[in-house]
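Structural features, examined
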Amino acid sequence: MVKFHATSLSRTTCVCLPRPAERSGEDVDIILARLKNVKAFEKFHPNLLQQICLCGFYECLEKGITLYRQGDIGTSWYAVLSGSLDVKVSETANHQDAVTICTLGIGTAFGESILDNTPRHATIVTREFCELLRIEQREFKSLWEKYRQCMAGLLAPPYGVMESGPNNDSDCSANICLKCAARAPSPVSLRQIPSEKILRAGKVLRSAILSRASHMIRDRKYHLKTYRCAVPEVPGACSAGHPARELHFQDKYLFYRFLDDEQEDAPPPTEEEKKESDEELQDTLLFLSQIGPDAHMRVILRKSPGQRTVDDLEIVYEELLHIKALSHLSTTVKRELAGVLIFESHAKAGTVLFNQGEEGTSWYIILKGSVNVVIYGKGVVCTLHEGDDFGKLALVNDAPRAASIVLREDNCHFLRVDKEDFNRILRDVEANTVRLKEHQQDVLVLEKSPSSGRTSNHSGASTHYKYTVMSGTPEKILEHFLETMRLDSHFPDADPALDDFVLMHCVFLPNGQLCPMLMHCTYHAQGSQGSEQEKLDYALSNKRRVIRLVLHWASLYGDHLQEEEASLAFLEEFYVTVSDDSRLISALKEDLPELEKIVKHNSDDAKSSQKKHKVLLRQFSMGDERLQKRQPIRSNDEILFKVYCSDHTYTTIRVPVAAPVREVIAAAADKLGSAEDLLLVSLSSAGGEKDKVVLKPNDVSVFSTLGINGRLFVCPRNQLDSLTALPEQEGPTAASFGTFELMSSKDLAYQMTVYDWELFHCVHEHELVYHTFGRQTFRKTTANLDLFLRRFNEVQLWVITEVCLCNQLGKRVQLLKKFIKIAAHCKEYKNLNSFFAIIMGMSNPAVSRLSQTWEKLPSKFKKFYGEFESLMDPSRNHRAYRLTVAKLDPPIIPFMPLLIKDMTFTHEGNKTFIDNMVNFEKMRMIANTVRIVRYCRSQPFSPDPSLANKNHQDVRSYVRQLSVIDNQRTLSQLSHKLEPRRT
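So, how was this worked out
- Numbering of residues starts from 1 in every chain and runs along the sequence as written.
- Totals for whole chains, interfaces and linings use all residues, but because this is a predicted model, local features are given only for residues with pLDDT of at least 70 and pairs of side-chain atoms are given and counted only at 80 or more.
- Excluded from the side-chain calculation are hydrogens and water; included are all heavy atoms of the structure.
- Every helix listed is a DSSP run of H or I at least four residues long, and every strand listed is a run of E at least two residues long, numbered separately from the N terminus.
- Only protein chains enter the accessibility calculation, which uses a 1.4 Å probe; a residue is then buried when its area is under 20% of its type maximum, exposed when over 50%, and partly exposed in between.
- Any two residues whose heavy atoms approach within 4.5 Å are treated as being in contact.
- Surface accessibility in these figures is a Shrake-Rupley result with a 1.4 Å probe; residues are shielded only by whichever protein chains are displayed.
- UniProt positions are given in the numbering used here, feature names are shortened, and annotations may be inferred rather than shown by experiment.
- A residue's pLDDT is the predictor's confidence in that residue, given on a scale from 0 to 100.
- Ring pairs shown here join Phe, Tyr and Trp side chains whose ring centres sit within 6.5 Å, with only the six-membered ring taken for Trp; geometry is labelled stacked below 30 degrees between planes, edge-to-face above 60, and tilted in between.
- Criterion for a charge above a ring: Lys NZ or Arg CZ within 6 Å of the ring centre, and within 35 degrees of the ring normal.
- By this rule, a helix spans an expected 1.5 Å times one less than how many residues it contains.
- Two strands pair if DSSP finds at least two bridges between them.
- Orientation is described by axes fitted as lines to C-alpha atoms, over the contacting stretch for helices, and by angles from 0 to 180 degrees between their N-to-C directions.
- Whenever a carboxyl oxygen of Asp or Glu lies within 4 Å of a side-chain nitrogen of Lys or Arg, that contact is scored as a salt bridge.
- When describing relative orientation, an angle under 35 degrees is termed roughly parallel and one over 145 degrees roughly antiparallel, while 65 to 115 degrees is termed roughly perpendicular and anything else oblique.
- When the near helix sits turned anticlockwise from the far one by under a right angle, the crossing is termed left-handed; a clockwise turn instead gives a right-handed crossing.
- Residues are grouped as follows: nonpolar covers Ala, Val, Leu, Ile, Met, Phe, Trp, Tyr, Cys and Pro; charged covers Asp, Glu, Lys and Arg; every other residue, Gly included, is treated as polar.
- As used in this record, nonpolar core signifies buried Ala, Val, Leu, Ile, Met, Phe, Trp, Tyr and Cys residues forming a set joined through side-chain atoms within 4.5 Å.
- Under this definition, polar contacts are N or O atom pairs within 3.5 Å; protein pairs additionally need one hydrogen-donor-capable and one acceptor-capable atom, and for neighbouring residues in sequence, both atoms have to be side-chain atoms.
- A pair of sulfur atoms, both from cysteines and within 2.5 Å, is called a disulfide here.
- Residues enter patches when they are more than 30% accessible in relative terms and free of salt bridges; like-charged ones are connected within 9 Å and nonpolar ones (Val, Leu, Ile, Met, Phe, Trp, Tyr) within 5 Å.

Further remarks concern the overall build of the protein chain. A count of helical and extended segments in the protein chain gives 33 helices and 30 strands. Out of the 983 residues in the protein chain, the part that is buried amounts to 51%. Taking contacts inside the protein chain between residues at least 6 apart in sequence as the whole, the part at least 24 apart equals 72%. Accessible surface for the protein chain amounts to roughly 46,300 Å². Of this, 51% is attributable to carbon and sulfur atoms.

Quick look at the UniProt feature "domain: Ras-associating" (unreviewed entry) in the protein chain now. In the UniProt entry, the feature "domain: Ras-associating" (unreviewed entry) is given for residues 637-673. End C-alpha atoms of residues 637-673 are separated by 25 Å, and the span's content is 32% helix alongside 38% strand.

What follows covers the confidence of the model for the protein chain. Residues shown with low pLDDT carry predicted positions that ought not to be read at fine detail. Averaged over all residues, the pLDDT of the protein chain is 81; the fraction at 70 or higher stands at 82%. Mean pLDDT across the elements of the protein chain bottoms out in strand 1 (residues 2-4) (42) and peaks in helix 24 (residues 832-842) (96). This stretch, residues 1-16, has a pLDDT under 50; its non-local contacts, to residues over four places away or in other chains, come to 46 contacts. Scored below 50 in pLDDT, residues 453-461 makes twelve contacts in the model with residues more than four places away or belonging to other chains.

Scanning the model with the defined rule gives 40 aromatic pairs in all. With a centroid separation of 5.7 Å and an interplanar angle of 35°, the aromatic rings of Tyr-644 and Phe-713 are classed as tilted. With Tyr-644 in strand 24 (residues 638-644) and Phe-713 in strand 28 (residues 711-716), this residue pair connects regions lying 69 residues apart in the sequence. Per residue, the accessibility class of Tyr-644 equals that of Phe-713, and both read buried. The structure contains a cluster of three or more aromatic residues connected by ring pairs, namely Tyr-750, Trp-757, Phe-760, Phe-788, Tyr-829 and Phe-941. We note Arg-134 situated over the ring of Phe-57; from NZ or CZ to the ring centre the distance is 4.7 Å.

Attention now moves to unusual backbone geometry. Following Pro-890, the chain continues into Pro-891 via a peptide bond in cis, with omega recorded as 5°. In this structure, Pro-891 sits in the loop between helix 28 (875-886) and helix 29 (896-909). The backbone of His-648 sits at a positive phi, close to 70°, despite the residue not being glycine. In this fold, His-648 is placed in the loop between strand 24 and strand 25 (650-656).

Turning to helix 22 (residues 783-804), a few remarks are in order. With 22 residues, helix 22 should reach 32 Å at 1.5 Å per residue; the first-to-last C-alpha distance of 31 Å fits that figure. Of all 22 residues that make up helix 22, 21 are buried, and the element is covered over most of its length.

One open sheet holds the four strands; their spatial order is 4-9-6-7, and the pairing between them is antiparallel. At either end of the open sheet lies a strand with only one pairing partner, and these are strand 4 (66-68) and strand 7 (99-104). The mean inter-strand angle of the sheet, taken between neighbouring strand axes irrespective of direction, is 30°. Here strand 6 (residues 85-89) pairs with strand 9 (residues 123-126) via four bridges, running antiparallel. Bridging from a neighbouring strand, Lys-88 pairs with Thr-123 of strand 9.

A few words on the pattern of salt bridges. For the structure shown, the criterion picks out 45 salt bridges. Across the pair Arg-791 and Glu-794 runs a salt bridge, and its minimum N-O distance is 2.9 Å. Of this pair, Arg-791 and Glu-794 both sit in helix 22, three residues apart, which is roughly one turn of that helix. Judged on exposure class, the residue Arg-791 and its partner Glu-794 are both buried. A cluster of three or more residues bridged by salt bridges with shared partners is formed by Asp-499, Asp-500, Glu-765, Glu-921, Arg-924, Arg-931 and Arg-934.

This next bit is on the packing of helix 19 (residues 745-762) against helix 23 (residues 809-828). Their axes nearest at 8 Å, the elements helix 19 and helix 23 cross at an angle of 50°. Taken together, the axes of helix 19 and helix 23 are oblique relative to one another. In this structure, helix 19 crosses over helix 23, and the sense of that crossing is right-handed. Two secondary-structure elements touch here, helix 19 through Ser-745, Lys-746, Leu-748, Ala-749 and Met-752 and helix 23 through Lys-818, Lys-821, Ile-822, His-825, Cys-826 and Glu-828. In terms of residue class, the contact of helix 19 with helix 23 is made up of five nonpolar, two polar and four charged.

The four strands lie next to each other as 14-19-16-17, forming an open sheet whose pairing is antiparallel. A strand with exactly one partner marks an edge of an open sheet, and here the two such strands are strand 14 (352-354) and strand 17 (379-384). Strand-to-strand, the axes of this sheet are offset by a mean angle of 30°, without reference to chain direction. Examined bridge by bridge, strand 14 and strand 19 (residues 404-407) share two bridges and lie antiparallel to one another.

The tendency in soluble globular proteins is for nonpolar side chains to be buried side by side. In this structure, Phe-501, Trp-553 and Trp-798 are the most contacted members of the largest nonpolar core, which totals 153 residues. Excluding anything up to four places from it in sequence, Phe-501 contacts Ile-477, Leu-478, Phe-481, Phe-508, Leu-509, Leu-514, Leu-549 and Phe-920. Within the second largest apolar cluster, 24 residues are counted, among which are Val-316, Leu-326, Leu-415 and Ile-425.

Position of Ser-870 among the secondary structure elements: in helix 27 (residues 859-870). A C-alpha to C-alpha distance of 8.8 Å links Ser-870 and Tyr-881, two positions eleven residues apart in sequence. Within the structure, Ser-870 has its side chain in polar contact with the backbone oxygen of Glu-867 (distance 2.5 Å).

Before going further, it helps to examine the side chain of Ser-362. Checked against the element boundaries, Ser-362 lands in strand 15 (residues 362-368). Residue classification places Ser-362 among the buried residues on the basis of a relative accessible area of 4%. In this structure the side chain of Ser-362 is engaged in a polar contact, spanning 2.8 Å, whose partner is the side chain of Asp-418. If we ignore the near neighbours within four places in the chain, the residues touching Ser-362 are Gly-391, Leu-395, Arg-401, Arg-416, Val-417, Asp-418 and Lys-419.

With that out of the way, let us pick up helix 29. Helix length check: helix 29, at 14 residues, gives a terminal C-alpha distance of 20 Å against a target of 20 Å (1.5 Å per residue), a fit within 8%. Among the residues of helix 29, Met-896, Leu-898, Leu-899, Ile-900, Asp-902, Met-903, Thr-906 and His-907 are the ones counted as buried. Contact partners of the buried residues in helix 29: helix 19, helix 20 (765-773), helix 22, helix 24, helix 28 and helix 30 (920-936).

Turning our eyes to something else, we now look at the pairing of strand 28. In terms of residue burial, strand 28 counts as a mostly covered element, since five of its six residues are buried. The pairing of strand 26 (residues 678-683) with strand 28 spans six bridges and is antiparallel. Bridge pairing in strand 28 links Leu-679 to Cys-715.

What follows is about the state of the cysteines. This model, assessed by the stated rule, comprises zero disulfides. The structure places no disulfide on Cys-53, whose sulfur is separated from the nearest cysteine sulfur, that of Cys-55, by 8.7 Å.

On to a nonpolar patch on the surface, then. A cluster of nonpolar side chains, Val-434, Tyr-465 and Tyr-467, forms an exposed patch at the surface whose accessible area comes to about 290 Å². Positionally, Val-434 belongs in strand 21 (residues 433-438). For Val-434, a relative accessible area of 35% translates into the label partly exposed.

Before going further, it helps to examine the side chain of Arg-812. Looking at the secondary structure, you find Arg-812 in helix 23. Within polar-contact distance, the side chain of Arg-812 engages the backbone oxygen of Asn-807 at 3.3 Å.

Right, let's talk about the packing of helix 19 against helix 32 (residues 953-960) for a bit. One can describe the packing of helix 19 onto helix 32 by two numbers: an axis separation of 9 Å at closest approach and a directional angle of 55°. It follows that helix 19 is oblique to helix 32 by the angle criterion. Here the hand of the crossing between helix 19 and helix 32 comes out right-handed. Residues Asp-747, Leu-748, Gln-751, Met-752, Val-754, Tyr-755 and Glu-758 of helix 19 pack against Val-955, Arg-956, Tyr-958, Val-959 and Arg-960 of helix 32. The residue makeup of the contact of helix 19 with helix 32, split by class, is seven nonpolar, one polar and four charged.

Printed below as a string of structure tokens:
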């Protein structure tokens, strides 16, 4: 007898069916119903499925059972119905040496070696309880002969070979990345000729493997044909790039094939070729690591949606987060798109993707390249570039194409969504949208989606759903988060959605409105239905939720609460209220100590605020006080600042850091004794008309937004044209290389990192929000963020200044070497802000044009610089940088300008309010970026043990007081004096 499940694959729920010769029509129907839901059979012809039902056997195996061993003569073919199995390969006759090269999951099939009676290529062992469908050799051969065309593409063994098709672009490099997978389609002949660089990389890598670990390349059989493939992981073997280490590859279930192995009896590399390959290996590995992620992405997108794994979908989703055309879409829609997007590439400019008037069948997003939009009678009306999309209107309106799309350049890459998937996603989004109405108006919009949690029972797995806030009125959003807050989770392990609210509420529900709402409405809310006990339970739960929310809110704001007297008053009143209630309700005592601690801390700090103002007065100045450790600047701190007049005299004023321009003008007018209407002007070192910015009366925190050498001037309107820059704004006239030439590059990088960390650590998370939405909206300072961003510009200009002021060619070469070394150490310290500043300084036109200097730079340093510069590649929204950061653990000093760009990108691409409701999906996206900053600072910066105990006062003083020229025109003129343009 053989068992097959009627309704599920639970171990306990199955029915016994007769052997093949004894099966009735009803038995076959039971098996057929189950097999139709198995991925390996989903595209089989009904007649083929019927035959499998007649001849297949069911096998139920416990964990650790060896199904067959490598070298055995096969007798059956198998398909996995549940569970998973390990595929093990041994290089010797000893099965103990076998190495697991992949894992087979539900829906995979294996065992096709029975077609030609060849020995098994691998050992198969169950890694958990498994259920298999088994077909014996005679029956399988009969099915193969009759249904060969259907089975050939779908029942590939785990060690088959999948080659890229003719649509592949050269960057995908099929000669290196010819991947094979458990569900690979049958091979397609390779027609695309890879680039010379790809071909060379393939030769170098093949030569390195053959010379260092030749056993990694061996023959594999696929559909009765032998292929020579490379195995990514063999323990005990050395990796080509790291001979001393054993590496574990994520793609260990794939094999690779090289073009050279397409030839029969391909000769091994000569000694000269081995030597050349060794010299080029590091550059080759760097090159492959750069193109690898894109190639991996394309491999995923070329899979059919049903073949994409959970990891595949996550990789695609992460990519979609940084595509401009998708910035306005919800998280759920992006995740839906990850499952259906198709990669499409076209090689030649002039290719027509579709013509005006044709039926709309797809929506396109440009990944690489550009296209022209052409309308009959008008010609090219516009050009679309990377990140833009087209073709959606015809799908939404079900109308003909309104224009033709023509490739503007060679080698363009697109993401494509076909009409059927597009319409299904729109339907699903609407079907899973829940709208709460009051007085016939939407007040809360939720999106229903499956949660990750599943509960299993005898009837199968039941899916739980979660409801995500998409938009709503501020009151209803707050109400929803309080109602759904879990009291069994411990603070500060807060719900991310609640954290989104606490972080972003200042945009749509400022503290002046939130605090009274929490105090007088929410905390004292009573149940209106149920028994008296149920009403009491509701009131208690509600109070506890509000307490948890207030604790999270106060923790996130930290010392910034002291800037708002009303918020401090609320905290004290709230504490007294909870304390009084706890005498009657003992359950409220749990969070009382934490609440008391926060109230006491803020109260004590508020009392000493005057003293702190005096400290921060010195901290904020631009002189020797930079040598002190940085302390956070608050909006109500005061600053002493020089404001200049048109005759270059100045007056010193004292105003709050966040003072608006009108208050600064009033203070200056008072000191000058002027009754005229004055303007406050920001003047950069260039001093031209374009370099004068008349500040608006409502602008706030203008002191921290000045350029490196910028100054504030005050004057009547009729003197605006006569304003000129101060001599001191021009910057240094001699290089300081002689000062830091003898300083250790590592010491310089370390002290730069210490200072950068101080600046970065002072930045409050809310400053990122204020900066994105406009600080004047909140009347708050972003001084800490401004100073950190200014530091990036300062380091960048320092590099350019030093090079352009260095008159001796040999010294300039030494200077470039010094900066490359400092950049390398900054990268080592995970100080990516200064690392990028240095590299961007070296790539500035005033430096990069110095060809005589760069020609003298040793090749070793040129290679390092090339590696560093590749991390700055802005394509695919700085993908190279993002991949690098993803591999780092905190503490990290991130490339802050890119984070600012991400938030600005989200802000400008999405409305803050939709139909008079807060667009909370936008709040969530910006909060996710802010949490990157939180992650980077989640671990403290630890001093370098080798440097921490040394006295580096001279180095510390130097890096904190860099003197630079911030006028690009001046720097260009200096550069041309050093090396005049060649005629």
